[in-house]
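Architecture at a glance
Listed below, chain by chain, are the residues.
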Amino acid sequence: MTSPAFLNVERSITGRRWVGPTAEEERLADALGQSTRLPTALCRVLVKRGVTADTSASYLAPALRDLLPDPMTLRDMGPATDRFLTAVHGRERIAVFADYDVDGGTSAALLLVWLRAMGRQATLYIPDRIDEGYGPNVPAMQELGARHDLIICVDCGTLSHEPIAAAGTDVIVLDHHLGAETLPPAVAVVNPNRQDEDGALAHLCAASVVFLMLVEANRRLRGDGITGPDLMGMLDLVALATVADVAPLIGVNRALVRQGLKVMARRDRVGLTALADVARMREAPNTYALGFLLGPRVNAGGRIGQADLGARLLATDDPREAAALAARLDELNTARRDIESQVRAEAMAQAEARGLDAPLVWAAGDGWHPGVVGIVASRMKEATNRPAIVIGLDKGIGKGSGRSVAGVDLGAAIHRLAEEGLLLKGGGHKMAAGLTVAEEKLPEAMARLADLLARQGAGTAGPSDLRIDGLLMPQACTPELIEQIETAGPFGASSPAPRFAFAAQVLSTRRIGETHLKATFGGLGGPQVEAMAFGAFDGPLGPALEGGGTRRFHLAGRLELNTWGGRTKVQMRLEDAAPEA
């Protein structure tokens, strides 16, 4: 039996049904509040994460020392660390081969920064997205192998049997993408998503795997009486990778990001400081900044520019170089947005014509830039609550990227298609994957993928459901309450920021630019709450609220703190609204 809609909103302005806490969640939240004396709003957030009175203290203050796993629990960690330190001590020639996204760039930067602190250098190699594609390729590995004693592949390599065999030198793979039954002929393949791993650390991104190897390397150096580089100071890079790669913020990931945000706030890394400045970040970094301000700019070089710009920015210790690289990445990110906008409009029109209620939404087009198909797939996934694939076609070959929804393992399905011969190449992890497909096999491949995803439950969740954590009054929205709620963070994948509703509010609104809406509500003896509805005029929300007059609306969105001019106030990211019945 379907429970009543929250605030009786069966269909909001944006066409969604509001779903609130269950009766059991309300009961557990009340009990947790009585036991801990924590605010009810925070307790509602905690019970959704399975937190009890006994675990609340440790959850709200996660300690990295308690949650960081022993690196040696990962297979091949011993051989990988041994070979790495042999190269370091022997002053061997080391090359780092990295993926062109944020996770690859931060993984490479971790190694480069650590090696520099040890007085060593390494060659950075990141393949061109268009000319070379994802992961190691035979020509590049042969060239690097001829000039280096050790190649370290980060955020790639697990499926690269032929290129690694062709390297002609020792190779270490530090990765997190889904592995096959057989591993490439490397000295070591450290990957929590190997077939023979137990899956306990499957949520780690590649940068975390690299970090764990460096933890083990420092431990071995200490055993030899040598002090290794400061690893805690590198957690800003791990945090950026974890959020930008949409790794679930659970377990150790949550602690890594939380500590990494504190490190980033110190502005010690010149590359990230320069990037924050060009992105006009005026507040302490948070997961939103990592995912939507910094991450896209680091990615921009790999998407439509020079592939190694992001990694070079993150690794540099030269403020002048950092400023120049950050400015270039900011320019590329602006160009990327323009390209993305065009592809997104075409892809959504195609997907809508095909139907948005299937287990998979997909689109393919000639000339679509391969650097933006992943972003467009993400937008389609968000709009439909379905796994999405977007493919750019060129001379009969399609290169695409996909994004998934919670509970649906897209990487495994893509890997299955590659094994069945429907794809030329494909792989990834649960939430994101890439593929290469012959154009003539595209319809068959997408039909088969839809079938595999449907078996996992894709397409059963209603795209119109908007989940809400509870009801608040405007006068309760104090900075102190929001600070308490944020102790349940950081928020991100698998741990979404809580969404609250406000009932029967009269709005004062004004348009900001072409697409955004700013509103205020509350007052009447209590504080007013400011709300921003970004992109509101791209859909029905902006026009409906702008002309609302004295009409009352139920509002739903996420709360955050906005600090400006020395004052801190609560701001709402308004996501949806419904007229009061």
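Re the pattern of salt bridges
- One pass over the structure, following the stated rule, counts 36 salt bridges.
- Notably, a salt bridge pairs Lys-48 with Asp-469, separated by 3.6 Å at the nearest N-O pair. Of this pair, Lys-48 sits in helix α2 (residues 40-48) while Asp-469 sits in the loop between β12 (465-467) and β13 (470-471); the two residues are 421 residues apart in sequence, bridging distant segments of the chain.
- Between Arg-416 and Glu-420 there is a salt bridge, with the nearest N and O atoms lying 2.9 Å from each other.
- Relative accessible area serves as the criterion here: at 37%, Arg-416 is assigned to the partly exposed category.
- On the basis of relative accessible area, Glu-420 is assigned to the partly exposed category, the value being 35%.
- Bridged by salt links that share partners, the residues Asp-70, Asp-82, Glu-216, Arg-219 and Arg-220 form one connected network.

A look at the sheet that holds strand β19 (residues 567-579)
- The seven strands are arranged β13-β14-β18-β19-β17-β16-β15 in an open sheet whose pairing can be described as mixed. Where the open sheet ends on each side, the last strands, each with one partner, are β13 and β15 (508-512).
- This element, helix α19 (residues 479-486), spans β14 (500-506), β18 (552-564) and β19 of the sheet and lies at about 85° to β18.

Describing helix α16 (residues 373-384)
- Over its 12 residues, α16 extends 16 Å from the first C-alpha to the last, a length consistent with the 16 Å expected when each residue adds 1.5 Å.
- Looking at α16, one finds that the buried residues are Val-373, Gly-374, Ile-375, Val-376, Ala-377, Ser-378, Met-380 and Thr-384.
- Buried residues in α16 make contact with α13 (287-304), α15 (319-354), β7 (361-366), β8 (388-394) and β9 (397-403).

Rules used in this analysis
- Residues numbered from 1 in each chain as written.
- Predicted model: local features only at pLDDT ≥ 70, side-chain atom pairs only at ≥ 80, totals over all residues.
- Heavy atoms only, no water.
- Salt bridge = Lys/Arg side-chain N within 4 Å of Asp/Glu carboxyl O.
- Helix = DSSP H or I, 4+ residues; strand = E, 2+ residues; numbered from the N terminus.
- Buried < 20%, exposed > 50% of the residue type's maximum accessible area, 1.4 Å probe, protein only.
- Pairing = 2+ DSSP bridges.
- Contact = heavy atoms within 4.5 Å.
- Axes fitted to C-alpha atoms, helices over the stretch in contact; angles between N-to-C directions.
- Expected span 1.5 Å × (residues − 1).

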